[in-house]
Each structure stands twice: as C-alpha cells, then as structure tokens.
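These are the residues of each chain, in order.
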Amino acid sequence: YPDPSSLRMAIEAGEVDMSAGIRSIGRADFDDLKDQEGINSHFAEYMGPQNNLHFNRRPEFAPMNDSRVRRAITLAIDVYEIDEKIMYNTGEIAHSSVRPVQAYYKPVYEEMRLRPLEDRIEEAKGLLAEAGFPDGFSYELWYPSGAGAEFDRELGTVIQSQVAKIGIDLELVLIERGTYFPLRSQGKLPLFFRGWTHDYPDADSELYYQMHSSSTYLAQPLGYNDSHMDWMLDRERELYDPRGYMYDPPERGEILNDIQDYMYETSFNVPLYYDHFFDVSNDWVEGYKYWKTCDMPYQGLWPVSKAIPDDWADYEPPWTE
C-alpha cells in the first residue's frame, strides 16, 4: 500500500489480513486500530531502532572534533519536543545508547535533559564561545533520499530550529540514496542520523560495534579512535558470561556503566529516541506474534494461520471460468 492511511482502510474493511513491516501502520492509526473490535494489536517494546545524531570527528569536518561543540549541540537538542512533534508521543526518550530492556542500562543523559532548557541554552552558548564560536557557525546535516526521507527531513527541521537558538545555522542536505551510503561508509558525512539496533540481548551489542576502533560499522566512518574506550570494550567482553548477565562478575557491570558515563562526558553522539515495532491483524489471523530473538523481528514469525469461516461453503470462489 502506498501510504499508511490506505493500509488502515484496507484492514478495517477486511481486505487485508494483517500488517507486517516497520512503520507500515501510522503511529496515530495504530492507537485507533488497536481499540477496534475485531482487530488485534501486536506491540514489541524497544525492538525498533534507536535513532541517534552522529558527529564526524575527522579534522576536515571541524568543529565537530571539538568536544565542547558536541556538548553544546547535545545541550540544545530537546528530545521531548522531538517525541511530541515527530513521534506523536509514541517513542521512548533515549537517555543512553543502551536501551532500558538491557542489563546495565544507565540513563546518563536524563539529569541534564530535566534541567530547564533556558539554562542549557546559556551553557551551550558559553561552550561555543569557549571553543571560538561566540556567534555560532554554519554546518550541514545530510540525509538520504528514498524511504524515510520525509521523516528525516521533519526530524532535521526540528533539530535545525533547536540548534539555531545557540547560533548554529544548520542546512539540511538531501543526498541521493545510492550515493549517501557509500559516503557514510567512507567517513564523508559531516552530521547524520543513524538508527541503531541490537543483534543479541546484551549491552555489548549496542556499544562495541559503535565505538570500538576496529568497527567499520560506525567508529571508523566517524573517525573515532579512543584507546581508553577500546580498553573498556575489550575488557567487558573478556568478563562476559554466556549463561547470562546474572552470572557476570561485578567488574563487567562497573565497566559498562563507565562506558555510558564516558559516552556522555565526551558527547560521543546524541541518543534521541527508541522506536518500537507495532502491527495489527484481523481476528481471523491466528498465531501471529513477533520473533524476538534478533533485531529484525520480520525475519521470523511464529507460524501464522487463517481461520476458515464456518460458512465458507457459501462464499463465491475467487476465480471465474
């Protein structure tokens, strides 16, 4: 279906058995549909991607290689406004790069974000002045064409207005999709969004592949290479117990907490929000539930079947001679 509203009408009319796909159902539509008689809702909390704003630290993308500038931007971004205007209050504020359903989650950004925005703006302006930008500066945020472009533009527009309060003139740059992703892999994007998911239920899944210097997923494209972070990530892996976090030695939890503190202190990124997976199905669909063993629940669904109506023999066949 070309748009969520068309899909909603088809489900309500019984023309479609169920939805299956990230954001296939509009957020506002999901809230309405789940309360309708004869329609079942399916919700997987925190299973969707966590959206982050990432800074490129390479010298050619200065001043993002200055932690004071990154910190100023982090202070200026109002994640609660983002959730209200873009997510329609259906997202979950991300106060860490580890999601709340993982062991060792620590909401390191929360205390700062609960401060009055006016105070944060003043602190951010002071940091920019200290970094040599008392009047702010101009910069670019790049996003790809194609699926999700409209959402990224809306998200970028909100952030654009927020950082303008500290003097940053942020231009949104739309890049052709086939060009954008190679540029990201090559470390040539200045400032960009990226949704991050977890492959296995452990904080390591959300930290190691973002920040270890060996990571071609993100650390290398960001020009990020921190020997202290590498040591912490290597050490927590040495202490990992495959039987589950409850068997980990206390030192592992301490290190994973230190990693989240260090991310916040150095403004590694700006965690924005965690997304969820949500779908709906008509009553005659049976056995439909998410396969929650990986970060892509649509790679596997429990066996789904369709109930045969008692009066099936009275139906006209869906073919003609």
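All values reported here derive from a predicted model rather than from experimental measurement.

(A) Spatial organisation of the overall build of the protein chain. Looking only at helices and strands, one finds eleven helices and ten strands in the protein chain. Per-residue burial for the protein chain yields a buried fraction of 51% across its 321 residues. Pairs at least 24 apart in sequence give 72% of the contacts found in the protein chain among residues at least 6 apart. Computing the positive centroid from 29 side-chain charges and the negative centroid from 58, the protein chain places the two 6 Å apart.

(B) Main features of helix H10 (residues 227-238). Here H10 spans 16 Å end to end across twelve residues, near enough to the 16 Å set by a 1.5 Å rise per residue. When we look at burial in H10, the residues that qualify are Met229, Asp230, Met232, Leu233 and Glu236. Buried residues of H10, viewed axially, fall in a sector of 165°; they line one side. In H10, the exposed positions that point more than 90 degrees away from the buried face belong to Ser227 and Glu238. For H10, the side-chain oxygen to backbone nitrogen distance between the N-cap and histidine 228 is 2.9 Å, and the N-cap itself is aspartate 226.

(C) Representation of the side chain of aspartate 226 within the structure. Here aspartate 226 is to be found in the loop between helix H9 (204-211) and H10. Within the buried set, aspartate 226 has no salt-bridge partner at all; the shortest N-O distance to an opposite charge, 7.7 Å, is to arginine 57.

(D) Spatial organisation of unusual backbone geometry. Across the junction of alanine 62 and proline 63, the peptide omega takes the value 15°, indicating a cis bond. Counting through the fold element by element, proline 63 comes out in the loop between strand S2 (50-55) and helix H3 (67-76). With a phi angle near 75°, tyrosine 104 is a residue other than glycine that sits in the positive phi range. One can find tyrosine 104 in the loop between strand S3 (92-93) and helix H5 (110-113).

(E) Focus on the packing of aromatic side chains. According to the stated counting rule, one finds nine aromatic pairs in the structure shown. For the pair tyrosine 180 and phenylalanine 181, a centre-to-centre distance of 5.0 Å together with 85° between the ring planes defines the contact as edge-to-face. For phenylalanine 181, a relative accessible area of 28% gives the class partly exposed. Seen from their ring centres, tyrosine 208 and tyrosine 209 are 5.7 Å apart, and the 75° between their planes marks the pair as edge-to-face. We classify tyrosine 208 as buried; its relative accessible area is 11%. Three or more aromatic residues joined by ring pairs make a cluster, and in this case those are Phe133, Phe137 and Tyr139. Sitting above the plane of the tyrosine 208 ring, arginine 237 keeps its charged end 3.5 Å from the centroid. For the cation-ring pair, arginine 243 lies above tyrosine 247, with the distance from its terminal atom to the ring centre recorded as 4.1 Å.

(F) Region of interest: the packing of H3 against helix H6 (residues 117-130). Contact geometry of H3 with H6 gives a least axis separation of 8 Å together with a crossing angle of 165°. Relative to H6, H3 is oriented roughly antiparallel. Crossing angle aside, the handedness with which H3 passes H6 is left-handed. Touching Arg68, Val69, Arg71, Ala72, Leu75 and Ala76 of H3 are Leu117, Arg120, Ile121, Glu123, Ala124, Leu127, Leu128 and Glu130, all from H6. For the contact of H3 with H6, a count of residues per class yields nine nonpolar, no polar and five charged.

The rules we used
- Residues numbered from 1 in each chain as written.
- Predicted model: local features only at pLDDT ≥ 70, side-chain atom pairs only at ≥ 80, totals over all residues.
- Heavy atoms only, no water.
- Helix = DSSP H or I, 4+ residues; strand = E, 2+ residues; numbered from the N terminus.
- Buried < 20%, exposed > 50% of the residue type's maximum accessible area, 1.4 Å probe, protein only.
- Contact = heavy atoms within 4.5 Å.
- Lys, Arg positive; Asp, Glu negative; His and termini not counted.
- Charge placed at Lys NZ, Arg CZ, Asp CG, Glu CD.
- Expected span 1.5 Å × (residues − 1).
- Arc of directions from axis to C-beta.
- Polar contact = N/O pair within 3.5 Å; in protein donor to acceptor, adjacent residues only side chain to side chain.
- Salt bridge = Lys/Arg side-chain N within 4 Å of Asp/Glu carboxyl O.
- Phe/Tyr/Trp six-rings, centres within 6.5 Å; stacked < 30°, edge-to-face > 60°.
- Lys NZ or Arg CZ within 6 Å of the ring centre and 35° of its normal.
- Axes fitted to C-alpha atoms, helices over the stretch in contact; angles between N-to-C directions.
- Parallel < 35°, antiparallel > 145°, perpendicular 65-115°, else oblique.
- Left-handed = near helix turned anticlockwise from the far one by under 90°.
- Nonpolar A, V, L, I, M, F, W, Y, C, P; charged D, E, K, R; others polar.

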